[in-house]
Amino acid sequence: MSRSTPSLNSPTISVVTVVKNGAATIEQCIESVRSQDYPVEHVFVDGASRDGTIEIIRRHASEASRIVSEPDDGIYDAMNKGISMTTGEVVGILNSDDFYANNQVISTIAGVFQDNDVDACYGDLVYVDPYKIDSVIRYWKSRPVTDRLLYCGWMPPHPTLFVRRDLYEKLGGFRTDLGSAADYELTLRFFLKHRIRAVYIPQLLVTMRAGGASNATWRNRLMVNLWVYKAWRINGLKPKPWTIPARLLSKFVQYYSGRLGTGRIR
């Protein structure tokens, strides 16, 4: 496959994939990165898988990959570890059961970061049936960030978010004490507290298989909302009375928007 030739001011890009016992999907994730028309450093953090995941990674990963396989303290601890292993100027995170929407995603990202004033960028994401990946369950249509959106519980689709690595070094990584709301807290810290300069790309960037512990039970849903509230407090920020209800409503709207459409990826 031909690759685009980076210009002198094009950034180097790293993608972090965290995985544990992901043998069923990791190969598609790897291929979606390897097929990009722009060079990528792919960093794998494997949580000591026992299902053959690490063998698949070593068999299919490119020479530009970096791999570690050892126990960790959860997904966000592993993500922090992966970010610390990267050498690229720009870092994205692609889950082991996700894949890029096309082979030009990374070159599109690189084009945005040619502007040195840009700190981060993000785009759209779809959730698909884990067994029928062309069947859309939810379309996460994003938009340019505003304070109003942040106070309505908005966050960018995190698998589509790319950030300059030096921002992680300056502002910190994921809070591992906030469970599955760690990415939400990072959004508040980066976008609202420190007001990083982010660009919205109005394109589908990532396909994500549906599922996840944060939505599995009512108890988990309650815990996420408690962590969301704590995310505001630890950053010295105060949510509006409607922030958490609006956050829940936005997920409901996204879910049914996807279901009421054709339900297929075109």
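Refer to the structure printed above.
About the cut-offs
Residues numbered from 1 in each chain as written. Predicted model: local features only at pLDDT ≥ 70, side-chain atom pairs only at ≥ 80, totals over all residues. Heavy atoms only, no water. Core = buried A, V, L, I, M, F, W, Y, C linked by side-chain atoms within 4.5 Å. Buried < 20%, exposed > 50% of the residue type's maximum accessible area, 1.4 Å probe, protein only. Helix = DSSP H or I, 4+ residues; strand = E, 2+ residues; numbered from the N terminus. Contact = heavy atoms within 4.5 Å. Pairing = 2+ DSSP bridges. Phe/Tyr/Trp six-rings, centres within 6.5 Å; stacked < 30°, edge-to-face > 60°.

### Observations regarding the nonpolar core
Ranked by size, the top nonpolar core spans 73 residues in total, and within it Tyr 100, Ile 106, Ile 109 and Phe 162 carry the most contacts. If one sorts the elements of this core by residue count, helix α7 (residues 182-193) sits on top with 7 residues. Residues contacting Tyr 100, with those up to four places away along its chain left out, are Val 15, Ser 32, Val 33, Gln 36, Leu 94, Val 105, Ile 106, Phe 162, Leu 205 and Val 206.

### Regarding the environment of Cys 152
Mapped onto the fold, Cys 152 is located in the loop between α5 (147-151) and β8 (162-164). Along the sequence, Cys 152 and Pro 245 sit 93 residues apart, while their C-alpha atoms lie 8.2 Å from each other. Every residue in contact with Cys 152, bar those within four places of it in the chain, is listed here: Trp 242, Thr 243, Ala 246 and Arg 247.

### As for the side chain of Ser 96
The residue Ser 96 is located in the loop between β4 (90-93) and β5 (98-100) in this model. When neighbours within four sequence positions are excluded, Ser 96 is seen to be in contact with Thr 17, Val 18, Val 19, Thr 25, Ile 26 and Cys 29.

### Comments concerning the pairing of β4
Residue alternation in β4 divides its side chains into two sets, Val 90 and Gly 92 and Val 91 and Ile 93, and both sets are buried. Pairing between β4 and β8: 3 bridges, direction antiparallel. Residue pairing in the sheet places Gly 92 in a bridge with Phe 162 of β8.

### Comments concerning the packing of aromatic side chains
Within this structure, the stated rule accounts for 8 aromatic pairs. Seen in terms of ring centroids, Tyr 122 and Phe 191 are 6.3 Å apart; in terms of plane orientation they differ by 70°. Their pairing is edge-to-face. Note that Tyr 122 is positioned in strand β6 (residues 120-129) and Phe 191 in helix α7, a separation of 69 residues in sequence. Classification of Phe 191 as buried rests on a relative accessible area of 4%.

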